[in-house]
Amino acid sequence: MRLLTHNMLASNVKGVTNGFPLRLEAEKWAEKEVELNADFLRHMFSKIEWKALAGAARAVGYGELPDEADASMLDSEDFLRRFHHALLEIHVEEGALVCPESGRRFPINKGIPNMLLHEDEI
């Protein structure tokens, strides 16, 4: 699971009103090189919840993202490389996503987050 995916997921458990961002508990992750596409990054920037991305990156030991970011930073090649690495090259293989409100754990196995709800959570 890329951190891009993490940034788009939320807990939909019945009764939960604040299911985003999910806390990332990464047990195993890998870095997989992906060609940098600056246009893609500039387009995606406005769709990314920055604090969630920076927090997830720190959860896997990548502390190279600033706590806050704005669109003016997209002119920096160094910022784009760091943003690209966090968003697309870090792959969480094993771990869990945890709902910030209910504490419900959604497992990540073989890079796939299981967001299926139990019957009583629908």
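So, here's what we can say about the structure. (Residues numbered from 1 in each chain as written. Predicted model: local features only at pLDDT ≥ 70, side-chain atom pairs only at ≥ 80, totals over all residues. Heavy atoms only, no water.)

Attention now goes to helix α4 (residues 77–89). Within α4, the full set of buried residues consists of Phe79, Leu80, Phe83, His84, His85, Ala86, Leu87, Leu88 and Glu89. Tucked into the core, α4 has its buried residues touching α1 (3–8), β1 (23–31), α2 (38–45), α3 (50–59) and β2 (90–98). (Buried < 20%, exposed > 50% of the residue type's maximum accessible area, 1.4 Å probe, protein only. Helix = DSSP H or I, 4+ residues; strand = E, 2+ residues; numbered from the N terminus. Contact = heavy atoms within 4.5 Å.)

Before going further, it helps to spend a moment on the environment of His91. On the secondary structure map, His91 appears in strand β2. Taking the C-alpha atoms as reference, His91 lies 7.1 Å from Gly111; in sequence the two are 20 residues apart. Ignoring anything within four residues of it in the chain, the contact list for His91 reads Met1, Arg2, Trp29, Ala30 and Lys32. A polar side-chain atom of His91 sits 3.5 Å from a polar atom in the side chain of Arg2. (Polar contact = N/O pair within 3.5 Å; in protein donor to acceptor, adjacent residues only side chain to side chain.)

To continue, consider the side chain of His91. The exposure class assigned to His91 is buried, which follows from its relative accessible area of 10%. Side-chain polar atoms of His91 contact the backbone oxygen of Leu88, separated by 3.4 Å.

Here the focus is the packing of aromatic side chains. Tallied over the full model, the rule gives six aromatic pairs. Ring geometry for Phe45 and Phe83: centres 5.9 Å apart, planes at 85°, overall edge-to-face. With Phe45 in helix α2 and Phe83 in helix α4, the pair connects residues that are 38 residues apart, well separated along the chain. No difference in accessibility class separates Phe45 from Phe83, as the two residues are buried. A connected cluster of aromatic rings, assembled from ring pairs, spans Phe45, Trp50, Phe79 and Phe83. (Phe/Tyr/Trp six-rings, centres within 6.5 Å; stacked < 30°, edge-to-face > 60°.)

The four strands lie next to each other as β1-β2-β3-β4, forming an open sheet whose pairing is antiparallel. The open sheet has two free edges, formed respectively by β1 and β4 (112–113), since each of these has just one partner strand. The pairing of β1 with β2 spans eight bridges and is antiparallel. Its bridge partner being in β2, Arg23 is matched across the sheet by Val98. (Pairing = 2+ DSSP bridges.)

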